[in-house]
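Coordinates in review
One-letter residues, chain by chain:
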Amino acid sequence: MRKSKSLILLVLLLFPILVTNGVSAYHVQPNNTTYSGESSQGLLPGIYSSEPAPMGITDYGVGPNGFYSYDTTQFLGTVYINSLQALTFTSGSTAVTFQLNVMLNYEARGSSYALWVQDVACFNTVNHEIYFIDNIWNSTVPFGNVTGLQGNGQYAVSSSNGNYPSRVFYGDVSHDPGSIVTQSLPTAFDLLVNVSTNNLGQPVIYFWYNDGYGWINYDTVTVTNVQGATNVYFEVNGYALTGNGNNYDAELVLAGPGGGSNTYINQANVDLLLFYWNGHNFQEVANTYNYGSDTAETSSNVKVLYYYYPYSGLPTGFITTGPGALGPLWNSTDVTCLTVNTGLNQGYVQIYNDSYSYQYAEQVNNLCLFQGGSATFTLTPYVNYSVLVYNTNDQLVGEANVMAQPGSMTTSVTQFNVVIPPSVDLTLGQTTNIPVEIQAYGHVTVQVKGNSLTRTYNVYVNGQTTLNVPVEATSPGSYQLEVNATLFPGFSVVKYVTVNIAQPQLYSVTGSFSVNGQTPPTTPLVTFTFPNGSRVTLPLNNLNIKVPPGTTYSASNITESGYRWIAVNGQGEILGTTQLSITYYEQVQVNFQYQGPAVPTVSYYYLGNLETAKLPVTLWVDYGTSYTFPQILSSSSGERVIAYNYQGTATSPSTFTVTYYQQYYVDVSSPIPVYALVNGHNESLSSGWYNQSTSIDVENVPYYLGPGEREVITSVTPSSSLSVNSPLNITVTPETQYYVQVSSPIPVYAEVDYENFTLQSGWYYQGTLIQVENITYYPSSNERYVITSITPSTFTVNQPETITISTVVQYRLTLLSSIPTYALVNGNNETLTSGWYNAGTTINVENITYYVTPTTRELVTQISPSTLTMNGPSAISVQTVKQYLVQINSQYPVTINGVQTNSEWVNAGSSITLNANLPFYLTGSFSGTAPVALGGSIAVNQPVQETLQTSISLVFVGIVAVIAIVAVGVVIVLIKRR
């Protein structure tokens, strides 16, 4: 039958079924969850949160697993109106708009642009008049205007709204067939937009509709102000917004008649379907919300529900009236995304609910064009779908039957066929299987009838399978079996097979056996099953029996305590005279276990053949044969899984555990030998493989190159203590040290690389600068060691060195003397002071009076000791007495303390008596430091300077006077006597 072709399904059968519990046998639970694309507070995408809003179907790029994005060159919206009544209160209009709103992206001159594209049907709900318009807006920047658009339409200015300025947009009204016409209800129409580029690389936007007058391309708009545009496509992107804050979404919504109006829906029975071109075919969007965002026109008193069409299984947004809530409609976990691998580059696919017959589907003629080898459909789950694929010549070339499950599914197709042998020959009493090869995708019902036999089989076929139908020869003759295979209702293949049954004859059978391995504990037996079902069992050795053709035989196997003997050719059918030579293999049971991070396989011999099996497993292994495991299970850069007990021999029942270790390669880079504690054991550390979790603690063990020279570890990268859990590169950096021997009787101080340290014998890094300081060492406050030589005193460590320090011992001499003291120090006359003197120094203190001034002196009275040798800290006490010089100036002899002298040294603080020998007529006294009469005493507390002052004695004058008077008297007397 010739099939008509169309761009996409435009007519769906029957009314849709509401997808909810209890209404339809094919239903899913309504989605009441919050998608991960929404915020944790349950925020909905878009600008609307409640009615009024543009209500319908929208793909925001938000699904159950969060945000997603895709691009396409075409969007298709389908509208079915069974009944609709609306009113815009502000204007009294009874018209509504059905808007296909999509966002066009293109890139030019290093910038991205977003144009909001509208393909709109304006429908009057009273007189049912319909016409079509398009709009293009600039969403690249806030309040952007459109320029450079060339089509059938004109630019217009939108009215200002509050604080928002007016905007220039592009628009056109179709006057083509099917526009400005009256429709009869129920009615249906399609809106289509697609985009391409011309030879200048300019985006070209096509606007279409189909309301029964065929596909009408009523406007073609070229973006003329760019050339060489790239990434020209319609975009759905939940991750981003346009420059003016609109969503990158695709909408098919019911809204007000224009100008940002809101229409109130009084009554509605409308279905909306939104498709996009997925590169192969038009597919309905899989994640939807029940409201749009980008348009300002809205509707209220609207409920949008998830329905589906029972014949096609396509989901639909069913619009009815009532208080609506904005939210998810369906998502990819509520529907089935079925991909059909057609095997054709181009053709047609028809998918329908297989509760409808194939003959009914042929009448419906519901074909979808595809290209590129496959087609994907968004369907309601939990429905058995029939899939038919036609080539471009309308020939049916493939079929499948699919039980749809939520999520993504894939099926292939093939031409449904059944292959069976034309006839089967049997001997009376024989039973055999007739192979029925089925070529199909899906569930196939096979009914076999004939010779009073009726059997029904239900088989799932994934491309090809063979069904074995048993038949039994119960009576001689021939009869015919009918094999009827049904892929889906009305689509069947019938084939016939003739069964021929003949009388049997007898054949002679003899036999023996051989063993690979040890002799079994008992003789093997063989059982013959005759065509009539009776049996006989005989020993294999010395076997001799006659049997009819079609008799089967089966040699017994022997099992005992983990050993067994298996016949490799122990079964067959007798078709003539036969010499049975049965070969047995002795086997032992081995339980193979493993330890380690990966599952290994074991290679073993089974009945002489090399087999493999995945562990853990218990196997029968040929006796005396070897079994092996991969020594290295996996190996990549720096990582491997390895076993060391990877082989064995099967000689007795046992359990064998192969142990695998996760190992990582540790690359040790070091110019010297390195030692480490590896899992607590002291080892030489070298590059190699180490088990996972091995602990390595690198020890700082010096490497001695020779006497006085070594290498010491200064850094270990990444760490000196680590655990092997990945491939490692351990870099050990050593530095050269030389031994510096310090030979000194005292502690030595030095600047080591310009820092002060106590210098000791030890190891110093090459290049270290050592400057020995000449610092005297004091073991006590009265004893010290004075460095007399340092060899060498300054050097850079580039070889082993010996520093020799020479010292002299000195002791402190404490001189207790108030005057300068002189002594012979080692025979040299020196001024003796408190201080340090070399050990062994001899000191002879001299008793020398110290003259403070010419008239004041300190007279040494005691020296203790006066002679000593410095063999330890010592003290010399010099005691003195202060003396002052007493001087007397006199022309007459004087005495000091009764001693005639003109000067005398007198101890300070003592008292002296001064006197003088004068003529009798003189008298005198001392004047000076302390005036004193003759015979008087003076306390000497300073130098004394006295002068003897003399005068005529008054007594003498008196006597002379008396004498004179007497003499005068005598003279007078004498004179008078004369």
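Residues numbered from 1 in each chain as written. Predicted model: local features only at pLDDT ≥ 70, side-chain atom pairs only at ≥ 80, totals over all residues. Heavy atoms only, no water.

Labelled according to an unreviewed UniProt entry, the chain appears under the name Thermopsin, originating from Metallosphaera prunae.

Bringing the sheet that holds strand E84 (residues 911-916) into the picture now. What the four strands build is an open sheet, ordered E82-E81-E84-E87; its pairing is antiparallel. In this open sheet, the two edge strands, each paired with only one partner strand, are strand E82 (899-900) and strand E87 (937-939). (Pairing = 2+ DSSP bridges. Helix = DSSP H or I, 4+ residues; strand = E, 2+ residues; numbered from the N terminus.)

Another point: the confidence of the model for the chain. Mean pLDDT over the chain: 89, with 95% of residues reaching 70 or higher. Contacts of residues 1-42 to residues separated by more than four positions or lying in other chains number 107 contacts, the stretch itself having pLDDT below 50. (pLDDT = per-residue confidence, 0-100. Contact = heavy atoms within 4.5 Å.)

Turning our eyes to something else, we now look at the side chain of serine 293. Considering the arrangement of structural elements, one finds serine 293 in the loop between strand E22 (288-291) and strand E23 (298-300). At a separation of 3.2 Å, a polar atom in the side chain of serine 293 contacts the side chain of asparagine 247. (Polar contact = N/O pair within 3.5 Å; in protein donor to acceptor, adjacent residues only side chain to side chain.)

All told, the structure shown has 44 aromatic pairs when counted by the stated rule. Aromatic side chains phenylalanine 67 and tyrosine 239 sit 5.7 Å apart centroid to centroid with 65° between the ring planes, which places their arrangement in the edge-to-face category. With phenylalanine 67 in strand E4 (residues 66-67) and tyrosine 239 in strand E17 (residues 230-241), this pair connects stretches of sequence that are 172 residues apart. Here tryptophan 137 and phenylalanine 169 contribute two aromatic rings whose centre-to-centre distance is 4.3 Å and whose plane-to-plane angle is 10°, an arrangement assigned as stacked. In this pair, tryptophan 137 sits in strand E9 (residues 129-138) while phenylalanine 169 sits in strand E12 (residues 168-173), placing the two residues 32 residues apart along the sequence. (Phe/Tyr/Trp six-rings, centres within 6.5 Å; stacked < 30°, edge-to-face > 60°.)

Time to look at unusual backbone geometry. With an omega of -15°, the peptide bond running from threonine 791 to proline 792 counts as cis. Along the polypeptide, proline 792 turns up in the loop between strand E70 (783-791) and strand E71 (794-796). Omega for the peptide link from serine 864 to proline 865 comes to -15°, which places this bond in the cis form. The topology assignment puts proline 865 in the loop between strand E78 (856-864) and strand E79 (867-869). Residues other than glycine seldom take positive phi values, yet leucine 607 does so here, at roughly 55°. Of note, leucine 607 is situated in the loop between strand E49 (601-606) and strand E50 (609-614). Positive phi values are uncommon outside glycine, yet tyrosine 754 reaches one of about 70°. Counting through the fold element by element, tyrosine 754 comes out in the loop between strand E65 (748-752) and strand E66 (755-759).

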